[in-house]
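# Reading the structure
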Amino acid sequence: MPLDILALAAHRDDVEQTCGGTLLKMAERGYSTGILDLTQGEMGTRGSAEDRANEAAEAARILKVSWREALDIPDGRVENTWENRLKVARVIREMKPRVLILPYWEGRHPDHYTASVLGYEASFLAGLAKLPISDQPPSASGSKSFYDYGSSGVAPHRPFKIIYASLYRDVRPSFIVDITDQFETRYASLMAYKSQFTDQQAGTGIFPAQAEIRARVESMARFYGMLGGVNYGEPFVQKEVGLVDDVTAIPVKSI
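No experiment lies behind these values; they were computed from the predicted model shown.

## Details of the overall build of the chain
Assigned secondary structure in the chain consists of eight helices and seven strands. Scored against the burial criterion, the 255 residues of the chain give a buried share of 47%. Taking the contacts inside the chain whose residues are at least 6 apart along the sequence as the reference set, 82% of them involve residues at least 24 apart. Counting every atom, the chain has about 13000 Å² of accessible surface; 54% of that belongs to carbon and sulfur.

Set out below in structure tokens:
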């Protein structure tokens, strides 16, 4: 089934932190939503890939996501290679999202900003009619059969809209999504990652104490909500100019 909205991120729990409320809101409005995690999370300071897979499935259930998949790109080594672009392009062709949510193109973690560029370039490749891509995922060894250019593969497709989740960057958003009604459930989806956010010795100097997480998540959501005149919000950036049909219907007061 084609997706209306697909969110792509480097690691399991990235989407829950940056745009989980938006995905939930869209699902509640009847849109089909999906998440593509590029890695298995095997290099994380806390938890195992298996732990994070189980937690990701629970988080997807909480967010009412229709589809979720994790690719086999090495964690900590997300690279914008031809092979990886084809892996993502296959998913874009198969799931046919109208809207693609990518991480912002700058960030602390190289996997995050690389995922942004990788997702954009894969979207371009996915729309090339003369580039056949097999409809079978690659084997663990990266079998060349996946890149069988003689195969008809899946039909070309490009997202109509690409937006960037900018929660962790100090940039002015293009727009805010009101997640006031979704905030508590969005927070619950993040807390599904018990291996990551419960207090433990591993990663003590990197992860905040569990008692602080709620305050941090809420303060950020309140800040962006304030910019849009609502209680809680999630920020996004779009590269293109927006189009307004009726200037009397533009939301958010100026004075």
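## With respect to the packing of helix α4 (residues 82-95) against helix α5 (residues 110-126)
Orientation of α4 relative to α5, taken along the N-to-C sense of each, is 65 degrees, at an axis distance of 8 Å. Considering only the axes of α4 and α5, their crossing is right-handed. Residues W82, N84, R85, V88, A89, I92 and R93 of α4 lie in contact with α5, whose contacting residues are L118, G119, E121, A122, S123, L125 and A126. Looking at the contact of α4 with α5 residue by residue, the class counts come to eight nonpolar, three polar and three charged.

## Some details on the packing of aromatic side chains
Taken as a whole, this structure holds five aromatic pairs when the rule is applied. Judged by centre distance (5.0 Å) and plane angle (75 degrees), the rings of F223 and Y224 are edge-to-face. Judged by relative accessible area, which is 43%, F223 ranks as partly exposed. Members of the aromatic cluster, each reached through a chain of ring pairs, are Y104, W105 and Y164. The ring of Y120 has K239 sitting right over it, with the charged end atom 5.3 Å from the ring centre.

## Some points on helix α2 (residues 20-28)
Of all the nine residues making up α2, eight are buried; the element is thus mostly covered by neighbouring parts of the structure. In the stretch just after α2, G30 is the one whose phi turns positive, near 100 degrees.

## With respect to the nonpolar core
Grouped together as the largest cluster of nonpolar side chains are 33 residues, with contacts concentrated most on V15, C19, L23, I101 and F236. Excluding residues within four positions of it along the chain, V15 makes contact with A7, A9, G20, L23 and I35. W67, L100, Y104 and A122 belong to the second-largest nonpolar core, a separate cluster that totals 29 residues.

Cut-off values and rules
Residues numbered from 1 in each chain as written. Predicted model: local features only at pLDDT ≥ 70, side-chain atom pairs only at ≥ 80, totals over all residues. Heavy atoms only, no water. Helix = DSSP H or I, 4+ residues; strand = E, 2+ residues; numbered from the N terminus. Buried < 20%, exposed > 50% of the residue type's maximum accessible area, 1.4 Å probe, protein only. Contact = heavy atoms within 4.5 Å. Areas by Shrake-Rupley, 256 points an atom, 1.4 Å probe, with all protein chains shown as cover. Axes fitted to C-alpha atoms, helices over the stretch in contact; angles between N-to-C directions. Left-handed = near helix turned anticlockwise from the far one by under 90°. Nonpolar A, V, L, I, M, F, W, Y, C, P; charged D, E, K, R; others polar. Phe/Tyr/Trp six-rings, centres within 6.5 Å; stacked < 30°, edge-to-face > 60°. Lys NZ or Arg CZ within 6 Å of the ring centre and 35° of its normal. Core = buried A, V, L, I, M, F, W, Y, C linked by side-chain atoms within 4.5 Å.

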